[in-house]
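Architecture and fold: a report
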Amino acid sequence: MQIIRSIKKMQAAARQIAGKGQTIGLVPTMGFLHEGHLSLIRRAKKEADVVIVTIFVNPAQFAPTEDLAKYPRDEKGDIRKIEGAGGDIVFIPKAIDVYPEDFQTYVAVEKLTQTLEGASRPTHFRGVTTVVAKLFNITRPDVAVFGMKDYQQAVVLGQMTRDLGYPVKYIIAPTVREKDGLAMSSRNKYFTAAQRIEARCLYYALLTAKEMVESGVVAAGKIEREMRSAVKASSPSAQIDYIAFTDFATLRTIKRVAKGTICSLAVRVHGVRLIDNMKL
Ligand code: PAF
């Protein structure tokens, strides 16, 4: 497996791969990889000849109030995991190369970024779309794989891919969960064993919603109330940021839930903000 840190070298390698008639699969990450990321790499491997995994903790998607310096990092461990999952190239650019001092060009998806995560993190998605556009430009992928765990991000990046006409097969891969249902996330490492049990409250709330819909309940308001109780029952001190019922592609709010509606929620458990979602 090759490790590339320079943008120029990555561009040259991508040109060489394409020159040989091989396809490129891209999995952008911010590192500190878990089984969820590895599932994206394995999926990319099924879709393309050469898989490039990027590790870049993207400063542009952190607000000044969010602690970029504290974001967990484990480059050595990540490289080992990527190799084990079948990655061919790890691209680890430097922040100063991605965002040189006079950097001033951003890519922004306008409407889809106003709600849900965008409502509480107003500059976040502009950072995500800008860096992913740059990574697309550098690596020229044929296929890119993102996780459904970050539902809004997946929809926003799909919109950007279409709007900017990238010739990329855009794949959203399913969320990977721990045995007890907790969605895998780099943030889970912040919990003590007891807090970790409470973190399951998001999954329990989503299961409550799914069961209600399967038993014929359609009123989003009624389902939301039960979900709020489910969160509180598992984690009394949890603070719910939002519970939303939306159309998968448009993120339009849905009042009468139907099969296929996406239920998503953000909850702060012992100071750690978690997000999760489920197709109902
Ligand atoms: O999901 C992430 O880890 C990041 O938002 C991404 C897509 C790698 C962009 O920095």
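Attention here is on the structure that accompanies the text.

What counts as what
Residue positions are counted from 1 within each chain, in the order its sequence is given. Residue-level local features of this predicted model are given only where pLDDT is at least 70; pairs of side-chain atoms are given and counted only at 80 or more, and the full residue set underlies all totals for whole chains, interfaces and linings. The basis for the side-chain values is all heavy atoms of the structure; hydrogens and waters are excluded. Strands are runs of DSSP state E lasting at least two residues, helices are runs of H or I lasting at least four, and both sets are numbered from the N terminus onward. In this setup the radius of gyration rests on C-alpha atoms only. A globule is expected at 2.2 Å times the number of residues raised to 0.38. For every residue, the accessible area (1.4 Å probe, protein chains only) is compared with the maximum for its type, and the residue is labelled buried under 20%, exposed over 50%, or partly exposed between those bounds. By the convention used here, strands pair only if DSSP detects at least 2 bridges between them. Here, axes are lines fitted to C-alpha atoms. For helices the fit covers the stretch in contact, and angles between N-to-C directions go from 0 to 180 degrees. Residue contacts follow a heavy-atom distance rule, with two residues in contact if any of their heavy atoms lie within 4.5 Å. Any Phe, Tyr or Trp ring, taking Trp's six-membered ring, that has another such ring centre within 6.5 Å forms a pair; planes under 30 degrees apart are called stacked, those over 60 apart edge-to-face, and the others tilted. Geometrically, a charge over a ring is one whose NZ (Lys) or CZ (Arg) sits within 6 Å of the ring centre while staying within 35 degrees of the ring normal. Expected helix span is taken as 1.5 Å per residue step, with the number of steps being one fewer than the number of residues. The cutoff for a nearby residue is simple: one of its non-hydrogen atoms must lie within 4 Å of the molecule or strand. For the purposes of these results, a polar contact is taken to be a pair of N or O atoms within 3.5 Å, where, inside protein, one atom must be able to donate a hydrogen and its partner to accept one; residues adjacent in sequence count only when each atom of the pair is a side-chain atom. Here roughly perpendicular refers to angles of 65 to 115 degrees, roughly parallel to angles under 35, roughly antiparallel to angles over 145, and oblique to all remaining angles. Crossings are sorted by hand: turned counterclockwise from the far helix by less than a right angle, the near helix makes the crossing left-handed, and turned clockwise it makes it right-handed. Polar here means any residue outside two lists: the nonpolar Ala, Val, Leu, Ile, Met, Phe, Trp, Tyr, Cys and Pro, and the charged Asp, Glu, Lys and Arg; Gly therefore counts as polar. By convention a nonpolar core is built from buried Ala, Val, Leu, Ile, Met, Phe, Trp, Tyr and Cys residues, the set being connected through side-chain atoms within 4.5 Å.

1. What about the overall build of the chain?
Broken down by element type, the chain carries 10 helices and 9 strands. Rg of the C-alpha trace for the chain: 19 Å, near the compact-globule value of 19 Å for 280 residues, within the 12% margin. Considering only C-alpha atoms, the chain reaches an extent of 55 × 40 × 40 Å along its principal axes. Classification of the 280 residues of the chain by burial places 52% in the buried group.

2. Here we look at the sheet that holds strand 4 (residues 89–91)
An order of 1-4-3-2-5-6 is seen for the 6 strands of this open sheet, with the pairing classed as parallel. Of all the strands in the sheet, the pair left with one neighbour each is strand 1 (2–4) and strand 6 (169–173). Neighbouring strand axes in the sheet, compared pairwise and without regard to direction, differ in orientation by 25 degrees on average. Of the strand pairs in this sheet, strand 2 (residues 24–29) and strand 5 (residues 143–147) are connected by 2 bridges, and their pairing is parallel. The residue of strand 5 that forms the bridge with L26 is A144. Across the sheet, helix 2 (residues 35–47) is in contact with strand 2, strand 3 (50–55), strand 5 and strand 6; its angle to strand 5 comes to roughly 155 degrees.

3. A short note on the sheet that holds strand 8 (residues 262–269)
Taking strand neighbours across the sheet as the criterion, the 3 strands line up as 7-8-9 in an open arrangement whose pairing is antiparallel. Each of the sheet's edge strands pairs with one partner strand only, and the pair in question is strand 7 (239–246) and strand 9 (272–279). Each neighbouring strand pair of the sheet contributes to a mean axis angle of 10 degrees, computed without reference to strand direction. By the bridge criterion, 8 bridges tie strand 8 to strand 9 in an arrangement that is antiparallel. In the sheet register, S264 faces strand 9, and the bridge partner there is N277. Of the strands in this sheet, strand 8 and strand 9 are in contact with helix 9 (residues 201–214), which crosses strand 9 at around 25 degrees.

4. Looking at the packing of aromatic side chains
Under the defined criterion, the tally for this structure stands at 7 aromatic pairs. Ring geometry for F146 against Y170: centres 5.4 Å apart, planes inclined by 25 degrees, an arrangement best described as stacked. Here F146 is found in strand 5, whereas its partner Y170 is found in strand 6, with 24 residues between them in sequence. An aromatic cluster is defined as three or more aromatic residues linked by ring pairs; in this entry it consists of F56, Y99, F103 and Y106. In this structure, R126 packs its charged tip against the face of Y106, placed 3.7 Å from the ring centre.

5. Description of helix 6 (residues 124–139)
Here helix 6 contains 16 residues, and its C-alpha end-to-end distance of 23 Å stays within 8% of the 22 Å for a straight helix at 1.5 Å per residue. By the criterion of burial, helix 6 is predominantly enclosed, with 13 of the 16 residues buried. Just downstream of helix 6, R140 is the residue with a positive phi angle, here 45 degrees.

6. Here we look at the site of the ligand
In the vicinity of the ligand, the contacting residues are P28, T29, M30, N58, Q61, V128, V131, D150 and Q153. Take Q153: an N or O atom from its side chain is 2.7 Å from an oxygen atom of the ligand.

7. Focus on the pairing of strand 6
Two strands pair when backbone bridges link them, and strand 5 and strand 6 are joined in this way by 5 bridges, in the parallel orientation. Looking at the pairing, V145 lines up with I171 of strand 6.

8. A closer look at the packing of helix 6 against helix 7 (residues 151–163)
One way to put it is that helix 6 packs onto helix 7 with a least axis distance of 10 Å and a crossing angle of 50 degrees. It follows that helix 6 is oblique to helix 7 by the angle criterion. Here helix 6 runs over helix 7; the crossing is right-handed. Contacts between helix 6 and helix 7 involve F125, V128, T129, V132, A133 and F136 from the former and Q152, Q153, V156, L157, M160 and T161 from the latter. For the contact of helix 6 with helix 7, the class distribution of residues is 8 nonpolar, 4 polar and no charged.

9. Comments concerning the nonpolar core
Among the nonpolar cores identified, the biggest contains 42 residues, and M10, F91, V132, F136 and M160 are the most heavily contacted of them. The element best represented in this core is helix 6, accounting for 8 residues. Not counting the four nearest positions on each side in its chain, F91 is found in contact with I4, R5, S6, I7, M10, I52, V53, T54, I55, L135 and I138. Core analysis: the next-biggest nonpolar cluster, separate from the first, contains 30 residues, C201, L202, V257 and L274 among them.

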